[in-house]
Amino acid sequence: RVKAIDLAQQFKKYGGTEDITEEAIANDDVGAIQRIPRSLQAAAAETLYQTVLDVMRTNATLSFDTARALFVTLSADINAVAGAFTVATMNAARSAMRQQQPFGDTSKRMGATNLPKLWLGPPELEQTAARIFGSRVTPTDAGFNATEEPNLHGGSQIETHVVDYWTDDADCVLVADPTKCDTLELGFLGGQEEPALYVQDLPNVGSVFNADKITWKIKHVWGFAYLDWRGFYGFSR
């Protein structure tokens with residue numbers, strides 16, 4: 001089964017170091033050095049965030065099926081549309097996700113278990129998402145003027161997540177509820193979710209002894225795998 005990916009084989013080590021000289025410590029009048037540990041931790045979180053989401057952004061090949069990208073528009077296993085994110089394409093996306101067939105069983109449809117739960121997109125589409133998901137009646141694509149037709153997505157509790165580093169209108173994705181169907185898995189070596197932070201400041205060894213520098217080191221070991229493409233749907237692909 002697709003779920004049987006060995007996530008342990010996906011673990012990688014991420015991190016880096018930052019040196020601080022004696023002169024920098026002496027001249028630090030604004031407390032910049034005190035912020036270095038927080039900056040390193042923020043960089044580690046951003047690395048994890050972008051690495052995982054870049055599979056969606058770049059439409060990368062899936063690790064469990066090297067013949068297939070995450071989003072496909074021209075095969076029997078369609079889970080994307082060439083059109084931009086609009087009311088019409090959102091309607092098509094919801095219908096397509098419901099009609100997906102479970103892995104290994106072509107006699108069924110995934111139905112309500114594969115309804116879109118999360119929307120991810122760039123800031124440029126935040127207003128469009130708010131209009132589509134926030135109106136009880138169907139909005140027009142051009143503005144906030146609404147028709148009298150009920151909006152299938154209004155009040156549907158689709159969570160919107162603006163991904164600020166995505167800058168293209170094509171970077172727009174729907175994801176099913178991860179508690180109901182396979183989407184992706186993220187694991188941390190030894191269950192250590194927070195990055196480990198070390199400081200080399202002993203005066204008789206290392207960088208302090210050799211170059212009068214204190215060295216900060218951050219290390220984060222984690223791995224991820226996309227488990228199934230069926231819970232994802234892309235726009236403008």
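What you see as residue numbers is a count from 1 along each chain, following the sequence as written. Restriction of local features to residues with pLDDT of at least 70 applies here, the model being predicted, together with a cutoff of 80 or more for giving and counting side-chain atom pairs; totals for whole chains, interfaces and linings are based on all residues. The basis for every side-chain value is the complete set of heavy atoms in the structure, and neither hydrogens nor water enter the calculation.

Colleague: Lay out the overall build of the protein chain in plain terms, naming residues and giving numbers.
Modeller: Secondary structure assignment for the protein chain yields five helices and twelve strands. Between the two quantities, the radius of gyration covers C-alpha atoms and the globule rule is 2.2 Å times the number of residues to the power 0.38. Relative to a compact globule of 237 residues, whose C-alpha radius of gyration would be 18 Å, the protein chain shows 23 Å and is clearly more extended. Along the longest, intermediate and shortest principal axes, the C-alpha atoms of the protein chain span 75 × 45 × 25 Å. Burial classes: relative accessible area under 20% of the type maximum marks a residue as buried, over 50% as exposed, and values in between as partly exposed (1.4 Å probe, protein chains only). Looking at the 237 residues of the protein chain, the share that counts as buried comes to 38%. Runs of H or I in DSSP of at least four residues are treated as helices and runs of E of at least two as strands, each being numbered from the N terminus.

Colleague: Talk me through the sheet that holds strand 7 (residues 159-162); I want residue IDs and the actual numbers.
Modeller: In short, DSSP must find at least two bridges between two strands for them to pair. Read across the sheet, four strands follow the order 7-4-8-12 without closing on themselves; strand pairing throughout is mixed. If you trace the sheet from one side to the other, it starts and ends with strand 7 and strand 12 (232-234), each paired once. Sheet twist, expressed as the mean angle between neighbouring strand axes with direction ignored, is 20°. Bridge analysis of strand 8 (residues 173-176) against strand 12 gives three bridges, and the strand direction is antiparallel. Counted as the bridge partner of Leu174 is Tyr233 from strand 12. Here, residues are in contact when the closest pair of their heavy atoms is within 4.5 Å. Throughout, an axis means a line fitted to C-alpha atoms (over the contacting stretch in the case of helices), and angles, computed between N-to-C directions, take values from 0 to 180 degrees. Together, strand 4 (116-121), strand 8 and strand 12 form the strand contacts of helix 3 (residues 87-99), whose direction differs from that of strand 8 by roughly 30°.

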